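Read off the chains here:
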Amino acid sequence: MTKAQTVPQEITSEGRMPPGIAACAIVDLDAIEENVRSLSLVAGDAAVIAVVKADGYGHGMVPTARAALRGGAGWLGVALLSEALALRAAGITEPVLAWLLVPGDRFTEAVAAGVDLGISALWTLEEAAAAARTTGVPARLHLKIDTGLGRNGCLPADLPDLIAAALRHQAEGLVEVVGIFSHLAFADAPTHPSVSAQITQFTDAVELVQRAGAKLTLRHLANSAATLALPDARFDAVRPGLAVYGLSPMPDLATSAELGLRPAMSLVSRVVMVKDVPEGQGVSYGLTHVTSTATTLALLPLGYGDGLPRHASGSGPVLLGGRRRVIAGRVCMDQVVLDLDGLTDAVRVGDVAVLFGPGTGGEPTALDWADACGTISYEIVTRLGARVPRHYVGGGSPEDVLPKEEPR
Ligand SMILES: *Cc1c(COP(=O)(O)O)cnc(C)c1O
């Protein structure tokens, strides 16, 4: 039996969700600004490079970047040159560092736009120098050192050649070696022996580069966890990402609140169907959920096509009708179903369900979703897809940040 399909016209206080939209991510720009202000206080004399790669960890890169700058970030950090150039195209003139460069990348545009480049290898150095020749603008470089993560970065053994080549280009006026940086493997476990080993390796690399003649103004190593937990890793600047968005980078050790952070993103969706079904009703593909009593089912119009992990099948938590529920059966591309555990009038079409938020109103958090799916909160917020419009609240002038059209 299908229930009376009454759609409430008002926006529920639970969700502040714009009407007519299947799902949206509400991003609180004040939270981002305040998180950066807290991180800046913790960092003391070190500058804050707010990391806004991957569309600001799913929060929207440009609005996030502006909020971070309002909160006192002196720099923005991104992985890709395309991201750095998108910041410049949005009119952001503050220092930007990009560190994941690709052969044939937009080096010329980046150098002309004054984007600092993270240099891990000789080939990137040569592309940077060539871009400087073309543009007549010296390329500003931060040498990226692999001090133990085994990922991007120049191995210490290859550093003497890299710095020698960089200083030859510097003598020609093509590049300026302004910084050196590295990334930690285990900052979320601050007492792990790899952490102090990496700090030692980094300090050695700094010395080697300075002895070779580079005048470094920015030495940086700390991600979010190290910014918060490892004073020895702060150097001249810190590069927090996740903490900017208010999520704990070390949830086993401290909650967001304990770290003075406020999660900025809430994911909400609107119920589009409510129906009463008997005991024994199978739900969703594969019929992995079967109702154990006569019950009411509620349908939410979002799924893995929106970035919900399919691993949330049977486990993803949702606040609906004042109670936390768990997704019944499989997460589909566009839809998920909630079993309201018995016949109820508590939920109606048009009600707003909160999949995650700060956790202060009884709703699950991105960390709860991560735990339910066997992943980390980083992935939960970052993977939200383009189909989910971002709706901005707080901070700045709303005309600047509200999406021009929605859904985007
Ligand atoms: C992503 C990234 C960061 C930010 O890491 P968080 O753990 O999110 O704080 C910092 N530095 C580099 C090189 C990164 O790739």
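Before any of the text, the structure's been laid out above.
The shown structure was predicted, so the numbers you read here are calculated from the model rather than taken from an experiment.

Colleague: Residues and numbers for the nonpolar core, please.
Modeller: Core analysis: the largest hydrophobic core is formed by 123 residues, its most contacted members being Leu-87, Leu-117, Leu-143 and Trp-369. The contacts of Leu-117, once residues within four sequence positions are left out, are Leu-81, Leu-97, Ala-98, Leu-101, Phe-107, Ala-110, Val-111, Ala-128, Ala-139, Arg-140, Leu-141 and His-142. With nine residues, the next largest nonpolar core counts Met-17, Ile-21, Val-268 and Val-352 among its residues.

Colleague: I'd like to hear about the packing of aromatic side chains, residue by residue, with values.
Modeller: For any two aromatic rings, the description comes down to two numbers: the centre-to-centre distance and the angle of the planes. The final tally for this structure, using the stated rule, is five aromatic pairs. Measuring from centroid to centroid gives 4.8 Å for Tyr-57 and Tyr-245, while their planes differ by 25°, and the two rings are stacked. Of this pair, Tyr-57 sits in helix H2 (residues 53-57) while Tyr-245 is found in the loop between strand E9 (237-238) and strand E10 (265-270), placing the two residues 188 residues apart along the sequence. Overall, Tyr-245 belongs to the buried group, its relative accessible area being 0%. Taking 6.4 Å as the distance between ring centres and 80° as the angle between the ring planes, the aromatic pair formed by Phe-107 and Trp-123 counts as edge-to-face. Within this pair, whereas Phe-107 is found in helix H5 (residues 107-112), its partner Trp-123 is found in helix H6 (residues 122-135), the two being separated by 16 residues in sequence. Residue Phe-107 is classed as buried on the basis of its relative accessible area of 3%.

Colleague: Quick one: what's the story with the packing of helix H3 (residues 61-70) against helix H4 (residues 81-89), residue by residue and with numbers?
Modeller: The N-to-C vectors of H3 and H4 enclose an angle of 70°; their axes lie 10 Å apart at closest approach. The angle between H3 and H4 places the two elements in the roughly perpendicular class. Considering the relative orientation of H3 and H4, their crossing is right-handed. Of the residues in H4, those touching H3 at Met-61, Val-62 and Ala-65 are Glu-83, Ala-86 and Leu-87. Of the residues belonging to the contact of H3 with H4, the class tally is five nonpolar, no polar and one charged.

Colleague: Mind laying out the pairing of strand E14 (residues 295-300), listing which residues take part and the relevant values?
Modeller: Here E14 lies mainly inside the structure; six of its six residues are buried. Relative to strand E17 (residues 336-339), E14 is paired through four bridges, and the arrangement is antiparallel. By the bridge assignment for E17, Leu-297 is matched with Asp-339.

Colleague: Describe the site of the ligand, naming the residues involved and giving the relevant values.
Modeller: Around the ligand, a shell composed of 14 residues is seen, among which Lys-53, Tyr-57, Ser-224, Arg-239 and Tyr-378 lie nearest. Between the ligand and Ser-224, the relevant distance is 2.5 Å, taken from an oxygen atom to a side-chain nitrogen or oxygen of the residue. At 2.8 Å, a backbone N or O of Leu-242 approaches an oxygen atom of the ligand. Protein coverage of the free-state accessible area of the ligand, which is 390 Å², stands at 95%. Under a 2 Å grid-point criterion requiring more than half of the atoms, the pocket assigned to the ligand is the largest pocket.

Colleague: Give me the sheet that holds strand E4 (residues 96-98): which residues, what numbers.
Modeller: Taking strand neighbours around the barrel as the criterion, the eight strands line up as E2-E3-E4-E5-E6-E7-E8-E9 in a closed arrangement whose pairing is parallel. Sheet topology note: the strand E2 (residues 47-51)/E9 ladder contains two bridges and is parallel. Across the sheet, residue Ala-47 finds its bridge partner in E9, namely Ala-237. Packed on one face of the sheet, helix H7 (residues 159-171) meets strand E5 (116-119), strand E6 (139-144) and strand E7 (175-181) and runs near 150° to E7.

Colleague: Go over H7 with me, naming the residues and quoting the values.
Modeller: The end-to-end C-alpha distance of H7, which contains 13 residues, comes to 18 Å, matching closely the 18 Å that a straight helix rising 1.5 Å per residue would cover. Of all the positions in H7, only Leu-159, Leu-162, Ile-163, Ala-165, Ala-166, Leu-167 and His-169 are classed as buried. The inward-facing, buried residues of H7 abut E5, H6, E6, E7 and helix H8 (193-211). Of the residues one or two after H7, Gly-173 is the one with positive phi, at around 80°.

Colleague: So, unusual backbone geometry: which residues are in play, and what are the values?
Modeller: Here Phe-235, not a glycine, exhibits a phi torsion of approximately 45°, which is positive. Along the chain, Phe-235 falls in the loop between helix H9 (224-229) and E9. At Asp-341, a position not held by glycine, the phi torsion is positive, near 60°. For Asp-341, a relative accessible area of 54% translates into the label exposed.

Colleague: Requested: an account of empty space enclosed by the protein, with residues and values cited.
Modeller: Here the structure, examined in full by the defined rule, presents two cavities of 30 Å³ or more. Roughly 40 Å³ of volume is contained in the largest cavity. Along the walls of the largest cavity sit His-59, Tyr-245, Leu-247, Pro-263, Ala-264, Met-265, Phe-356, Gly-357, Ala-366 and Val-381, which together make up its complete lining. Here the lining of the largest cavity is composed, by residue class, of eight nonpolar, two polar and no charged. What the second largest cavity holds in volume is close to 30 Å³.

What counts and how
Residues numbered from 1 in each chain as written. Predicted model: local features only at pLDDT ≥ 70, side-chain atom pairs only at ≥ 80, totals over all residues. Heavy atoms only, no water. Core = buried A, V, L, I, M, F, W, Y, C linked by side-chain atoms within 4.5 Å. Buried < 20%, exposed > 50% of the residue type's maximum accessible area, 1.4 Å probe, protein only. Contact = heavy atoms within 4.5 Å. Phe/Tyr/Trp six-rings, centres within 6.5 Å; stacked < 30°, edge-to-face > 60°. Helix = DSSP H or I, 4+ residues; strand = E, 2+ residues; numbered from the N terminus. Axes fitted to C-alpha atoms, helices over the stretch in contact; angles between N-to-C directions. Parallel < 35°, antiparallel > 145°, perpendicular 65-115°, else oblique. Left-handed = near helix turned anticlockwise from the far one by under 90°. Nonpolar A, V, L, I, M, F, W, Y, C, P; charged D, E, K, R; others polar. Pairing = 2+ DSSP bridges. Near = heavy atom within 4 Å. Polar contact = N/O pair within 3.5 Å; in protein donor to acceptor, adjacent residues only side chain to side chain. Areas by Shrake-Rupley, 256 points an atom, 1.4 Å probe, with all protein chains shown as cover. 1 Å grid on protein atoms, 1.4 Å probe; cavity = no way out; pocket = protein on both sides within 12 Å on 5 of 7 lines; lining within 4 Å. Sits in = over half its atoms within 2 Å of the grid points. Expected span 1.5 Å × (residues − 1). Points joined across faces, edges and corners; volume = space filled by probe spheres on them.

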